[in-house]
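Residues per chain are reported as follows:
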Amino acid sequence: MGEQKQQAQPLSRNKLLGVAGVGWMFDAMDVGILSFVIAALAVDWGLNSSQMGWIGSINSIGMAVGALLFGVLADKVGRKQIFMWTLILFSVASGLSAFTTTLTAFLLLRFFVGMGLGGELPVASTLVSESVKAEERGRVVVLLESFWAGGWLIAAIISYFVIPADFWPIEGWRVALLLTAIPALYAIYIRIKLPDSPQFVVKAESKKRSVFQNIAEVWNKKYARNTLMLWILWFAVVFSYYGMFLWLPSVMVGKGFDLISSFKYVLIMTLAQLPGYFTAAWFIEKFGRKFVLVTYLLGTAASAFVFGGAETATTLLISGMLLSFFNLGAWGALYAYTPEQYPAIVRGTGAGMAAAIGRVGGIFGPLLVGSLLAKGYDISYIFKIFCVAIVIGVLAVIFLGKETKQTELQ
């Protein structure tokens, strides 16, 4: 009882945002470093484009499994516990991947990394969404997502200085992956500082429901339209994101830039994510979730179209910055919008299932790029496919989505 009362005492908004956001930042750091490691492994291990695609896809397979498994468990054992354990899982597995000497072993560990990453994101956004006031909920969740840019920025800095370095006793990419084991220590801090969601603590009946009841409830007539919209939207966004962003350094190399220059350009592009988040955070409470999702996703599609066909460094850089700006702003709105579609008793399950469907898209995105490049297709053609996928996601929001701005969560 004493522990439950203590858990029910929420942190202030800023402290909650900071504690959850640092975990989110570590998640992004791992994903970001992987995109640079793939380019380095292609050189060190002589990987072809299909093998490179599998590294990104196995990560997404793990994320799909993790999002579903840990999303369901979050409705049974609580948001805080799952947030903590997913953090430990992905950081330890990522650190261990630094010691692999074969592609098979690397892929196996990346699966477990993906499980942790896939579980942590929807659970963390659900936790924060349930812990702040309705009038600022969207803005706070988008700001939570803005920590993703910080993680990518750290990843880009580490990758720029560490991966190409030749003065380490081991390869630079191994040192970079070792640094991704640090978040495991942060889980100890979370265990002490972070309370569970007030809504989960209060609604004890959620613990009595079976996992299968929760899964079935997501497709109940009352929520079926919301679920269909989210599944289409998540698939389109994750398919295009991982197809494009995991390949950014490799695409730059393919367009004639050396590895170090490519890392530098991607670092600059990453900086554009921050204003993308901050503008989305302001618009989301002023104009609503649907407005931000539609506007920023259409901006993503247009930027991707230009980036795919760019030939000069200037065009690549400007379109890449706009791609980062719009795409990550849309991600922030997506994470704010998703938990608002369901009541507390199935919120983790609904958000986790939607994220899992999205991760299926994340499996096919990198594989598609690798496969089409191997067959000789131009990158501009490939990026047009992602543009079409994004537009399909926009149509789902317009015709199936409902506005949830400042509505009280059940």
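Note that the structure is a prediction, hence the values are computed from the model and not measured. (Residues numbered from 1 in each chain as written. Predicted model: local features only at pLDDT ≥ 70, side-chain atom pairs only at ≥ 80, totals over all residues. Heavy atoms only, no water.)

Novice: Would you take a moment to explain the overall build of the protein chain for this structure?
Specialist: When helices and strands are tallied, the protein chain shows 18 helices and zero strands. Rg of the C-alpha trace for the protein chain: 20 Å, near the compact-globule value of 22 Å for 410 residues, within the 12% margin. The burial tally for the protein chain puts 61% of its 410 residues in the buried class. Across the protein chain, every contact between residues at least 6 apart in sequence was considered, and the portion connecting residues at least 24 apart equals 85%. Summed over its atoms, the accessible surface of the protein chain is roughly 15100 Å², and 69% of this surface lies on carbon and sulfur atoms. Positive and negative side-chain charges in the protein chain, numbering 31 and 22 respectively, have mean positions lying 8 Å apart. (Helix = DSSP H or I, 4+ residues; strand = E, 2+ residues; numbered from the N terminus. Rg over C-alpha atoms; globule rule 2.2 N^0.38 Å. Buried < 20%, exposed > 50% of the residue type's maximum accessible area, 1.4 Å probe, protein only. Contact = heavy atoms within 4.5 Å. Areas by Shrake-Rupley, 256 points an atom, 1.4 Å probe, with all protein chains shown as cover. Lys, Arg positive; Asp, Glu negative; His and termini not counted. Charge placed at Lys NZ, Arg CZ, Asp CG, Glu CD.)

Novice: Sorry, what's going on with the packing of helix H3 (residues 49-77) against helix H17 (residues 344-374) here?
Specialist: How two helices sit against one another is set out by the angle between their axes and by the gap between those axes. The contact between H3 and H17 brings their axes to 7 Å, and the two run at 175 degrees. Considering their axes alone, H3 and H17 lie roughly antiparallel with respect to each other. For the contact of H3 with H17, the residue count by class is 19 nonpolar, 12 polar and three charged. (Axes fitted to C-alpha atoms, helices over the stretch in contact; angles between N-to-C directions. Parallel < 35°, antiparallel > 145°, perpendicular 65-115°, else oblique. Nonpolar A, V, L, I, M, F, W, Y, C, P; charged D, E, K, R; others polar.)

Novice: Even after reading the chapter, I still don't get empty space enclosed by the protein, so can you show me in this structure?
Specialist: Empty pockets left among the atoms are what a rolling probe the size of a water molecule brings to light. Using the criterion set out here, one finds one cavity of 30 Å³ or more in the structure. There is about 50 Å³ of room inside the largest cavity. Lining of the largest cavity is provided by Leu121, Glu145, Trp148, Tyr241, Tyr242, Leu328, Trp331, Tyr335 and Arg359. Elements that contribute at least two residues to the lining of the largest cavity include exactly helix H6 (134-161), helix H11 (224-245) and helix H16 (313-337). Per element, the largest residue contribution to the lining of the largest cavity is three residues, and it comes from H16. Of the residues belonging to the lining of the largest cavity, the class tally is seven nonpolar, no polar and two charged. (1 Å grid on protein atoms, 1.4 Å probe; cavity = no way out; pocket = protein on both sides within 12 Å on 5 of 7 lines; lining within 4 Å. Points joined across faces, edges and corners; volume = space filled by probe spheres on them.)

Novice: Just checking my understanding: could you explain the packing of aromatic side chains for this structure?
Specialist: Counted under the stated rule, the structure contains 25 aromatic pairs. Measuring from ring centre to ring centre gives 5.5 Å for Phe111 and Phe112, while their planes differ by 80 degrees; the resulting arrangement is edge-to-face. Of the residues examined, Phe112 reaches a relative accessible area of 34% and is grouped as partly exposed. In textbook terms, an aromatic cluster arises when at least three aromatic residues are bridged by ring pairs, as seen for Trp24, Trp234, Tyr241, Tyr242, Trp331 and Tyr335. (Phe/Tyr/Trp six-rings, centres within 6.5 Å; stacked < 30°, edge-to-face > 60°.)

Novice: Would you explain helix H18 (residues 379-400) in this entry?
Specialist: What sets the pattern is the α-helix's 3.6 residues per turn: residues three or four places apart point alike. End to end, H18 covers 32 Å across 22 residues, agreeing with the expected 32 Å (1.5 Å per residue, within 8%). All of the buried residues in H18 are Ile379, Ser380, Ile382, Phe383, Phe386, Cys387, Ala389, Ile390, Gly393, Val394, Ala396 and Val397. (Expected span 1.5 Å × (residues − 1).)

Novice: Looking at this structure, I do not really get the nonpolar core. What am I missing?
Specialist: The biggest cluster of nonpolar side chains holds 130 residues, and the ones touching the most others in it are Ile55, Trp148, Trp234 and Trp331. With 18 residues, the single largest contributor to this core is helix H2 (residues 13-44). (Core = buried A, V, L, I, M, F, W, Y, C linked by side-chain atoms within 4.5 Å.)

Novice: Could you clarify how one ought to interpret the pattern of salt bridges in this entry?
Specialist: Where charged atoms of side chains with opposite charge meet at close range, the side chains can pair. Applying the stated criterion to the full structure yields eight salt bridges. The salt bridge involving Arg79 is made with Asp75; its shortest N-O contact spans 2.7 Å. Classification of Arg79 as buried rests on a relative accessible area of 0%. On the basis of relative accessible area, Asp75 is assigned to the buried category, the value being 0%. Two residues, Glu285 and Arg289, come together in a salt bridge whose shortest N-O distance is 3.1 Å. On the basis of relative accessibility, which here comes to 0%, the residue Arg289 falls in the buried class. Via salt bridges that share partners, Asp75, Arg79, Glu130 and Arg347 belong to a single interconnected network. (Salt bridge = Lys/Arg side-chain N within 4 Å of Asp/Glu carboxyl O.)

Novice: For this particular structure, what's the right way to read the packing of H11 against helix H15 (residues 289-309)?
Specialist: Contact pair H11 / H15: the axes reach a minimum separation of 12 Å and the direction vectors enclose 35 degrees. Judged by the sense of rotation from one axis to the other, the crossing of H11 with H15 is left-handed. Taking contact as the criterion, the partners of Leu233, Val237 and Met244 in H11 are, on H15, Leu293, Leu297, Thr300 and Ala304. Residues of the contact of H11 with H15, tallied by class, amount to six nonpolar, one polar and no charged. (Left-handed = near helix turned anticlockwise from the far one by under 90°.)

Novice: Help me out: how do you make sense of the confidence of the model for the protein chain in this one?
Specialist: Should the pLDDT be low somewhere, the predicted coordinates at that spot are not to be read in detail. Summary statistics for the protein chain give a mean pLDDT of 84 and a share of 90% for residues scoring 70 or more. For residues 1-8, every residue scores under 50 in pLDDT, and the model assigns this stretch seven contacts once sequence neighbours within four places are set aside. (pLDDT = per-residue confidence, 0-100.)

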